Amino acid sequence: NKGYEGDHAKTVAQLVEYCHETSVLMDVMSVMWMRLRDAKGNQWKHGLLALQIIRNLLYHGPLAAIAEATDGMDKVRQMKQYKDNMRAQVCQSIQQVAVQVY
């Protein structure tokens, strides 16, 4: 599994721009909720990146992002208590972003 080698911040900013179209936003949020659900074990980055994207959508995206995010706040609330057999620093990073989103 090869990691992403591009400019993460630029890519997320472009994604946020694309999300100003409602159909794109709904598709992106659907994937984000799926990623939060599978954020266990070695897949912890799925949850962290999903939370970061949701945070950026809430800060810089369309107003519809707020309604979309509200629908999945139970998943974000669960991530505030994220615990796994990973390094404490990983869990803390996920928890911090979840608090920012919540």
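Residues numbered from 1 in each chain as written. Predicted model: local features only at pLDDT ≥ 70, side-chain atom pairs only at ≥ 80, totals over all residues. Heavy atoms only, no water.

### Digging into the overall build of the protein
Right, on to step 1. From N to C terminus, the protein includes six helices and zero strands.
Right, on to step 2. Against the 2.2 N^0.38 benchmark of 13 Å for 102 residues, the protein shows a C-alpha radius of gyration of 13 Å, consistent with a compact globule.
Right, on to step 3. On the principal axes, the C-alpha backbone points of the protein span a range of 40 × 30 × 20 Å.
Right, on to step 4. In the protein, which comprises 102 residues, the share counted as buried stands at 34%.
Right, on to step 5. For the protein, long-range pairs separated by at least 24 residues make up 64% of all intrachain contacts whose partners lie at least 6 apart in sequence. (Helix = DSSP H or I, 4+ residues; strand = E, 2+ residues; numbered from the N terminus. Rg over C-alpha atoms; globule rule 2.2 N^0.38 Å. Buried < 20%, exposed > 50% of the residue type's maximum accessible area, 1.4 Å probe, protein only. Contact = heavy atoms within 4.5 Å.)

### Points about the pattern of salt bridges
Right, on to step 1. Counted under the stated rule, the structure contains one salt bridge.
Right, on to step 2. Across the pair Asp74 and Lys75 runs a salt bridge whose closest N-O atoms are separated by 3.9 Å. (Salt bridge = Lys/Arg side-chain N within 4 Å of Asp/Glu carboxyl O.)

### Focus on the confidence of the model for the protein
A low pLDDT score tells you not to read the predicted coordinates there in detail.
Right, on to step 1. In the predicted model, the protein carries a mean pLDDT of 88, and the fraction of residues at 70 or more is 94%.
Right, on to step 2. Within the protein, the element-level pLDDT minimum falls on helix α1 (residues 8-18), averaging 89, and the maximum on helix α3 (residues 44-60), averaging 93. (pLDDT = per-residue confidence, 0-100.)

### Examining the nonpolar core
Right, on to step 1. Judged by nonpolar contacts, the single largest core of 29 residues is most densely connected at Leu36, Leu51, Ile54, Leu57, Val76, Met79 and Ile94.
Right, on to step 2. Those elements that provide at least two residues to this core are α1, α2 (22-37), α3, α4 (64-71), α5 (73-79) and α6 (88-101).
Right, on to step 3. Of all the elements, α3 adds the most residues to this core, at seven residues.
Right, on to step 4. With near-sequence residues (within four places) excluded, Met79 lies in contact with Leu36, Ala39, Gly47, Leu51, Ile94, Gln95 and Ala98. (Core = buried A, V, L, I, M, F, W, Y, C linked by side-chain atoms within 4.5 Å.)

### Here we look at the packing of α3 against α6
Right, on to step 1. One can describe the packing of α3 onto α6 by two numbers: an axis separation of 9 Å at closest approach and a directional angle of 25 degrees. With respect to α6, the axis of α3 lies roughly parallel. In this structure, the crossing between α3 and α6 has a hand that is left-handed. Residue-level contacts link Trp44, Leu48, Leu51, Gln52, Ile54, Arg55, Leu58 and Tyr59 of α3 to Val90, Ser93, Ile94, Val97, Ala98, Gln100 and Val101 of α6.
Right, on to step 2. Partitioned by chemical class, the residues of the contact of α3 with α6 number 11 nonpolar, three polar and one charged. (Axes fitted to C-alpha atoms, helices over the stretch in contact; angles between N-to-C directions. Parallel < 35°, antiparallel > 145°, perpendicular 65-115°, else oblique. Left-handed = near helix turned anticlockwise from the far one by under 90°. Nonpolar A, V, L, I, M, F, W, Y, C, P; charged D, E, K, R; others polar.)

### Some remarks on the side chain of Gln95
Right, on to step 1. Residue placement: Gln95 occurs in helix α6.
Right, on to step 2. A polar contact is formed between the side chain of Gln95 and the backbone oxygen of Tyr82, at a distance of 2.6 Å.
Right, on to step 3. In contact with Gln95, other than residues within four places in its own chain, are Met79, Lys80, Gln81, Tyr82 and Lys83. (Polar contact = N/O pair within 3.5 Å; in protein donor to acceptor, adjacent residues only side chain to side chain.)

### Quick word on the environment of Gln89
Right, on to step 1. Inspection of the secondary structure assignment puts Gln89 in helix α6.
Right, on to step 2. Here Gln89 falls in the exposed class, since its relative accessible area comes to 59%.
Right, on to step 3. Linking Gln89 and Gln52, residues 37 residues apart in sequence, is a C-alpha distance of 16 Å.

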